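Observations on chain architecture
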Amino acid sequence: MKPAAFTYHRPGSVAGALGLLRDLGDDGKIIAGGQSLVAMMNFRLARPEHLIDIRRVPGLDQIRRDGESLRLGALVTHHAVEVAELGRDFGVLSRAMRWVGHLPIRTRGTIGGSLAHADATAEWCLLAVLLDAELVIEGPAGRREVAAGEFFQGVFTTALEPDELIVEVVFPRPAPRAALTEFAERRGDFAIVAAAVDLDVPRVVLGGVAPVPFVVPVSGEWSGATTSHSRLAEDSAAAVQVRDEPGVSGHYRRGLARTLVTRACAEAEEVR
């Protein structure tokens, strides 16, 4: 199918984009890479009357270090992170990009778009929660920061107001022993289950088992030993409470969670 008719706008600044959002109200929709939105429009799942293309807004495609923090502009593409020299501290971000769709998608899809779309299996959503990211949001009242753990509120639902934009994502702390892995029926498809781990916290975040990225309650004392990795895997499987769905049982998802967390822990140890 093809999308319904719409009016195209291309502002040259964040202020211009916010002005259009204000003037167009519910009829306006931001588009960056279009990784998710274009597909939804083609299937008529989304029918915005106005598209506001922010791809040419300057200053939103920067990758920069700020002390120990890493700051990524909302228009940074998945592929730009994939090939960036982020060092050991944030190498998990580059490695995780191999799971994002296929190369044509990674070259156009953006970080901000993925987070705003808020698919609970999306790699950026899991990484943001795993690494305590702060989302910098700009709107009529100015800029504000929202913790990733508070940003995702439900199925494709976030703390982003209709007249606001994500302009930057800040990863405040290094994560030298972190990894993300996932399983899909075909490489590049949406994950059935995804798992991200940070062994230095420790923390496990699962995708595909809840409406939002799910932080696994970690039990007992943490030693960092292989036995502790096994406990993280068992805690993850036990925490998955999803019901059976056509073709995918809850038991199957619990098994995937156990296996993927085990693999992610092993990968995180290898990058020491």
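Note that the structure is a prediction, hence the values are computed from the model and not measured. (Residues numbered from 1 in each chain as written. Predicted model: local features only at pLDDT ≥ 70, side-chain atom pairs only at ≥ 80, totals over all residues. Heavy atoms only, no water.)

A short note on the sheet that holds strand E3 (residues 50-53)
The strand order E1-E3-E2 describes an open sheet built from 3 strands, whose pairing is parallel. Looking at strand neighbours, the two that pair on one side only are strand E1 (7-9) and strand E2 (28-31), the edges of this open sheet. In this sheet, adjacent strand axes meet at a mean angle of 25° when their direction is disregarded. Inspection of the sheet shows E2 paired to E3 by 4 bridges, in the parallel sense. Paired with Gly28 across the bridge in E3 is His50. (Pairing = 2+ DSSP bridges. Helix = DSSP H or I, 4+ residues; strand = E, 2+ residues; numbered from the N terminus. Axes fitted to C-alpha atoms, helices over the stretch in contact; angles between N-to-C directions.)

A look at the sheet that holds strand E10 (residues 165-171)
One open sheet holds the 5 strands; their spatial order is E4-E5-E10-E6-E7, and the pairing between them is antiparallel. Two strands lie at the open edges of the sheet, namely strand E4 (63-66) and strand E7 (142-147), each paired on one side alone. Sheet twist, expressed as the mean angle between neighbouring strand axes with direction ignored, is 25°. Pairing geometry for strand E5 (residues 69-73) and E10, over 4 bridges, is antiparallel. When the bridges of E10 are listed, Gly73 appears paired with Glu168. Across the sheet, helix H1 (residues 14-24) lies against strand E6 (134-139) and E10, angled at about 130° from E10, the strand it touches most. (Contact = heavy atoms within 4.5 Å.)

Side note on the pairing of strand E12 (residues 193-198)
In terms of residue burial, E12 counts as a mostly covered element, since 6 of its 6 residues are buried. Here E12 shows two buried faces, one formed by Val193, Ala195 and Val197 and the other by Ala194, Ala196 and Asp198. Alignment of strand E11 (residues 178-183) against E12, held across 6 bridges, turns out to be antiparallel. Each bridged residue has a counterpart across the sheet, and for Ala179 the counterpart in E12 is Val197. Both E12 and strand E13 (residues 203-207) contribute to a ladder of 5 bridges, which runs antiparallel. Among the inter-strand pairings, Ala194 is bridged to a residue of E13, identified as Gly207. Following E12, the chain reverses through 4 residues before pairing antiparallel with E13. (Buried < 20%, exposed > 50% of the residue type's maximum accessible area, 1.4 Å probe, protein only.)

Some words on the packing of aromatic side chains
The description of an aromatic ring pair rests on the distance of the ring centres and on the angle between the ring planes. All chains considered together, the criterion is met by 2 aromatic pairs. Ring geometry for Trp124 versus Phe171: centroids 6.2 Å apart, planes at 45°, classification tilted. One end of the pair, Trp124, is in helix H7 (residues 123-130); the other, Phe171, is in strand E10, with 47 residues separating them in the sequence. Residue classification places Trp124 among the buried positions, given a relative accessible area of 2%. Ring plane angle 85° and centroid distance 5.2 Å describe the contact between Phe151 and Phe152, whose orientation is recorded as edge-to-face. (Phe/Tyr/Trp six-rings, centres within 6.5 Å; stacked < 30°, edge-to-face > 60°.)

In short, the description is geometric, and any link to function would need to be established separately.
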